[in-house]
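Each chain, written out:
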Amino acid sequence: MQEVKTRIVLNHHRGGVFADNQTHQIIKSRIDERDSAIELLRIICMLFVVIQHVVNYSIFPEIEQADGHWTIGSYVAQCSKGFLCVAVDCFVLISGYFGIKFKLRHIANLYLTCAFYNLFAYVIHILLDDAVIGKSLILNVVFPFSHSTLWFINCYVMLFFYAPLLNAAVAYLNKKQHLIVILSLVFTNVYLGNFWQAPLYDLNGLSILNFMLLYLIGRYVNLYISQDTINMHRWLWLIIYVGCALFAGIGSDFDHIYHWTFWRGFTYNSLQMIFGALALFLFAKSFRFHSRTINWIAVSTLAIYLGHEHAYVNHHLYRFIAELADTFFVEPYSLAVDAVCRLLYGIVISVIIAAILVLFDKIRILLMKPIWKVYDKLVPKIFNKFVKPLFNKWYL
């Protein structure tokens with residue numbers, strides 16, 4: 001038990017899903033210690049998110065034709081989703097593996113980042129839609145957590161606040177008890193919620209319940225699965241990931257043909273998505289290398305999500321991508337070749353979008369430096385004088 005607690009402390013400083021740039025500045029001497037294999041996984045998963053959105057809303061926006069029949073593109077889109085949809089679950093597993101440490105600086109960084117990109121989205125809204133500054137703008141910028149249109153941010157913020165309780169519970173659970181808690185959440189979240197779609201349970205995995213399950217699975221892997229075991233089964237993890245992806249994609253194709261009422265292949269709390277995400281994470285964890293470039297890019301993974309998916313940005317972005325695709329992909333491509341080429345086009349466009357947003361985020365980080373100087377000068381003093389005495393077990 002002492003070994004488990006020691007491992008918790010050693011991994012506690014790692015933080016959450018998205019690497020915190022300001023924390024990097026504080027522990028700059030340790031930046032080379034970051035496992036670039038996991039940082040690369042963050043980047044790949046965020047690319048998966050962008051590709052999934054581009055494919056769904058720009059490349060193949062209509063899965064069914066007006067007569068209810070599927071095109072070749074419909075099948076290509078569904079099969080590709082099996083490989084892409086694990087990204088969200090994988091992000092939360094990474095948080096669980098390293099453990100979220102509740103720090104005021106972390107939550108402040110998340111708040112300022114979300115507020116900045118909400119403001120950015122409203123500038124786009126004003127310029128392109130002739131919108132005017134109103135109450136909704138102020139609320140979205142000043143209160144980005146409670147008024148966010150992005151479900152992931154809402155769930156992740158809740159997980160951030162629940163993390164101290166989850167970490168405390170994990171510290172005092174043995175291996176068997178930890179596994180029982182995970183299986184209990186699987187029963188309520190996957191069996192009752194996803195499979196049977198029971199009332200009052202999470203149907204799609206877009207909730208704190210699914211995030212808590214994934215977080216605890218990540219902690220379990222950290223504490224009880226050795227690196228040697230992970231390395232030994234490297235290619236097994238890859239096979240499981242590919243198998244789960246194909247199962248989800250092909251299963252959705254059969255669902256269209258046979259109308260399976262129980263099939264929910266791409267929901268984040270389905271077994272195939274959870275196992276696929278876990279297998280992909282373990283495959284990445286079986287490698288270890290260091291790259292300053294990858295670590296530098298990984299700091300801005302959250303920016304990629306916030307920058308392209310806000311409601312005031314995405315409809316302009318997806319319409320532009322769709323119109324551009326229609327100018328490129330015309331005859332003489334066959335239906336099958338055209339579908340594959342469109343998918344490749346979506347991947348290339350997604351990489352370009354991600355690269356632009358990473359560079360844009362580096363500008364944001366520079367602009368935020370004066371704010372962080374004020375924060376470092378004033379907030380710790382205020383916190384230590386007025387807040388810390390009330391919550392002496394919490395710390396910056």
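Thresholds, definitions, all that
Each chain has its residues counted from 1, running along the sequence as written. Residues qualify for local features only when their pLDDT is at least 70, as the model is predicted, and side-chain atom pairs are given and counted only at 80 or more; totals for whole chains, interfaces and linings, by contrast, use all residues. Calculated side-chain values reflect all of the structure's heavy atoms, with hydrogen atoms and water omitted. Segments assigned H or I by DSSP are reported as helices when at least four residues long, segments assigned E as strands when at least two residues long, and all are numbered from the N terminus. Under the convention used here, a 1.4 Å probe and the Shrake-Rupley method define accessible areas, while residue burial counts only the protein chains that appear. Each axis is a line fitted through C-alpha atoms, taken for helices only over the stretch in contact, and angles between the N-to-C directions span 0 to 180 degrees. Should an angle lie under 35 degrees it is considered roughly parallel, over 145 roughly antiparallel, and from 65 to 115 roughly perpendicular; all remaining angles are considered oblique. A contact between two residues is defined here by any heavy atoms of the two lying within 4.5 Å. Put simply, Ala, Val, Leu, Ile, Met, Phe, Trp, Tyr, Cys and Pro go in the nonpolar bin, Asp, Glu, Lys and Arg in the charged bin, and everything else, Gly too, in the polar bin. Aromatic pairing here means that ring centres of Phe, Tyr or Trp (its six-membered ring) are within 6.5 Å. Orientation follows from the plane angle: under 30 degrees is stacked, over 60 is edge-to-face, and everything else is tilted. In our convention, an over-ring charge means Lys NZ or Arg CZ found within 6 Å of a ring centre and within 35 degrees of that ring's normal.

**Student:** When you look at the overall build of the protein in this model, what are you seeing that I'm missing?
**Tutor:** When helices and strands are tallied, the protein shows 17 helices and zero strands. Working note: accessible area of the protein is about 19600 Å², and carbon and sulfur atoms make up 70% of it.

**Student:** Explanation requested: the packing of helix α15 (residues 301–309) against helix α16 (residues 311–328) in the structure shown.
**Tutor:** Two quantities define a packed helix pair, namely the angle between the axes and the distance from one axis to the other. The N-to-C vectors of α15 and α16 enclose an angle of 75°; their axes lie 5 Å apart at closest approach. Taken together, the axis directions place α15 and α16 in an arrangement best described as roughly perpendicular. Contact residues: G307, H308 and E309 in α15; A311, V313, N314, L317 and Y318 in α16. Taken together, the residues of the contact of α15 with α16 break down into four nonpolar, three polar and one charged.

**Student:** Is there a simple way to think about the packing of helix α8 (residues 151–172) against α15 in this case?
**Tutor:** Running from amino to carboxyl end, α8 crosses α15 at an angle of 140°, the nearest separation of the two axes being 11 Å. Taken together, the axes of α8 and α15 lie oblique to each other. Between α8 and α15, the contacting residues are W151, F152 and I153 on the first element and L302, Y305 and L306 on the second. For the contact of α8 with α15, the residue count by class is six nonpolar, no polar and no charged.

**Student:** Honestly, the packing of aromatic side chains in this entry has me stumped. Any pointers?
**Tutor:** The description of an aromatic ring pair rests on the distance of the ring centres and on the angle between the ring planes. Going through the model one piece at a time under the given rule, you end up with 27 aromatic pairs. Between Y111 and F145, the aromatic rings sit 5.9 Å apart at their centres with planes inclined by 85°, giving edge-to-face as the arrangement. Taken together, the positions of Y111 in helix α6 (residues 104–129) and F145 in the loop between α7 (135–142) and α8 put the pair 34 residues apart, joining distant regions of the chain. Taken together, the aromatic side chains of F102, W151, F152, Y156, F160, F161, F211, Y268 and Y305 make up a single cluster linked through ring pairs. Here R234 stacks its cationic end above the ring of F287, 4.0 Å away from the centre of that ring.

From the geometry alone we can't say anything about function, so treat these as descriptive.
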